[in-house]
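Below, each chain spelled out in residue letters.
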Amino acid sequence: MSATTETPATASTTAPDVAEVQARLEAAGVRYAMAGFTDVHGRLKGKVVPIGHLPQMARGSELFTGAAVDGVPQEINDEEVAAHPDLERSFILPWKKDVAYFPSTLFTEGKPFEAGARYVLQRQLDAAAELGLTFNLGIETEFFVLKDGPDGPAEVSERDTAEKPCYDLTTTLDNFGWLTELVEAMDELGWDVYSFDHEDARGQFEIDFTYSDALTMADRVTFFRMMAGEIARKHGYFASFMPKPFADRTGSGAHFNMSLADLVTGENLFASGEDPHGVGVSELGYHFIAGILRHAKAISAVIAPTVNSYKRLVRQGSTSGSTWAPVFVSYGDNNRTNMIRVPSAGGRVECRAADISCNPYLGAAMILAAGLEGVREHLDPGAPHRENMYEYSDAQVAELGIDMLPRNLGEAVEEFQADSLSREVFGEALYNSFIDLKRGEWDAYTAHVSSWETERYLKFF
């Protein structure tokens, strides 16, 4: 549930030569290269070429019909989008070492495609750079690994039955086969895993690894979900990134641990300077927090993007006694009942509303844009909340003037549509496409007749 705050090594500003990249990969035994991008959900899409065709792929040879992919807003008569691979950020697949994956930015008509998720984040990183800032991000990966059983999904370990299984070592060891293979794969890629554990729900785990610049982190998290799924599958299990698979267990977050650093020196600017509210960040950090809180309801649609996400963002809903998820638009110190938390070590800001189903490119872009607005306008978030926010009644919350996060996807989409920041960050085409897609998801859910309804009402009257 934590992330480190040291400044990572800055990425090289010189693009590598494609021939050098090809030679290095061939020497490592790589035979195929993937050019990959995400749909609006954060699922990886792409094409594969023999490694000898890497130079052509680097020039954008791999074309995609956007109309065939969720959230790539194109008509079938539009020019295809081309994947331009990032040669600095490739991954050799640890479970299939003859394949290398290249996160790619989509182009069309000779320029970056405005609605491409990776480019949406790149635009906000450019906006930060104009202020002399870089955005560092660590994302905590919470997820379930389960097996199919005769009565439905079951835990890998038959001993994983406790009401409060968090940090349990015996059941962690029972899962060591797939778990350590995944951790070792992450370290093989240079991600520097520093902690992993059994989380608060049966069958749930968390792996924490060192933060990086936000683009690198988004590349890694999208790849992580595919990698975790493939490694779990090798062992006869499946990985789930559903935010709340079980009504009586905690859900899976993807807490965003964030800081702004000096673009030149790499100095963490949330860790230096005056701390006017005494929770462990600089004045710049408070401006950033205030911007996020101003746009929190619209951001919610992006960082908690599914119908199921809002089953996680509740006060109650776990046999362990807590959901560990926020419902209030508030911030505080080392207090997990706030949407925005400043951990005890200080120097960073944690958004706890994000869940593991989100597209990290789009989520990071929205949060960064909101935070930068707070920085530009020198916004003040007010006094921090150090109390247990779960203990407030709705009447007390209203009396204190504290806003609530949206209570369902329908509300979140309405807030996203009403906030001008959403259109600014996403661009017109993706903004409209996202609203249509998510409103359709909500409408389909509200029209569905669930087993709960039939069990309750079929013979009730």
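Residues numbered from 1 in each chain as written. Predicted model: local features only at pLDDT ≥ 70, side-chain atom pairs only at ≥ 80, totals over all residues. Heavy atoms only, no water.

1. Thoughts on helix α5 (residues 176–188)
Residues that lie three or four places apart on an α-helix share one face, since the helix turns once every 3.6 residues. Look at α5: 17 Å from first C-alpha to last across 13 residues, which is about the 18 Å you get at 1.5 Å a residue. Those residues of α5 lying buried are W178, L179, T180, L182, V183, A185 and M186. Of the surrounding secondary structure, the elements contacted by the buried residues of α5 are β9 (141–149), α4 (169–174), β11 (193–198), β12 (204–209) and α6 (214–234). Backbone geometry just downstream of α5 places G190 in the positive-phi region, at approximately 85°. (Helix = DSSP H or I, 4+ residues; strand = E, 2+ residues; numbered from the N terminus. Expected span 1.5 Å × (residues − 1). Buried < 20%, exposed > 50% of the residue type's maximum accessible area, 1.4 Å probe, protein only. Contact = heavy atoms within 4.5 Å.)

2. Concerning the sheet that holds strand β15 (residues 256–262)
Ordered in space as β13-β8-β15-β18-β17-β16, the six strands form an open sheet in which the pairing is mixed. Each of the sheet's edge strands pairs with one partner strand only, and the pair in question is β13 (212–213) and β16 (331–332). Where strand β8 (residues 133–139) and β13 come together, two bridges link them in antiparallel fashion. Its bridge partner lying in β13, N136 is registered against D213. On the sheet, helix α7 (residues 283–294) packs against β8, β15, β16, β17 (340–341) and β18 (349–351) and is oriented at approximately 135° with respect to β15. (Pairing = 2+ DSSP bridges. Axes fitted to C-alpha atoms, helices over the stretch in contact; angles between N-to-C directions.)

3. Here's the deal with a negative patch on the surface
Judged by side-chain charge, E75, D78, E79 and E80 come together as a negatively charged surface patch. Note on placement: D78 falls in the loop between β3 (63–64) and β4 (81–85). (Patch = residues over 30% accessible without salt bridge, like charges linked within 9 Å, V, L, I, M, F, W, Y side chains within 5 Å. Areas by Shrake-Rupley, 256 points an atom, 1.4 Å probe, with all protein chains shown as cover. Salt bridge = Lys/Arg side-chain N within 4 Å of Asp/Glu carboxyl O. Lys, Arg positive; Asp, Glu negative; His and termini not counted. Charge placed at Lys NZ, Arg CZ, Asp CG, Glu CD.)

4. Quick look at the nonpolar core
L182, M227, F256, M258, F288 and F426 are the most contacted members of the largest nonpolar core, which has 124 residues in total. Sequence-distant contacts of F426, that is, excluding residues within four places in its chain, are made with E114, V120, R123, V302, L362, M366, F416, Y431 and F434. Counting seven residues, the second largest nonpolar core, distinct from the first, contains V327, F328, I402 and M404. (Core = buried A, V, L, I, M, F, W, Y, C linked by side-chain atoms within 4.5 Å.)

5. Some words on the packing of aromatic side chains
By the definition in use, this model includes 27 aromatic pairs. Taken together, F91, W95, Y101, W191, F209 and F223 form an aromatic cluster joined through their ring pairs. The lysine or arginine in question, K47, covers the ring of F64, its NZ or CZ lying 5.3 Å from the ring centre. (Phe/Tyr/Trp six-rings, centres within 6.5 Å; stacked < 30°, edge-to-face > 60°. Lys NZ or Arg CZ within 6 Å of the ring centre and 35° of its normal.)

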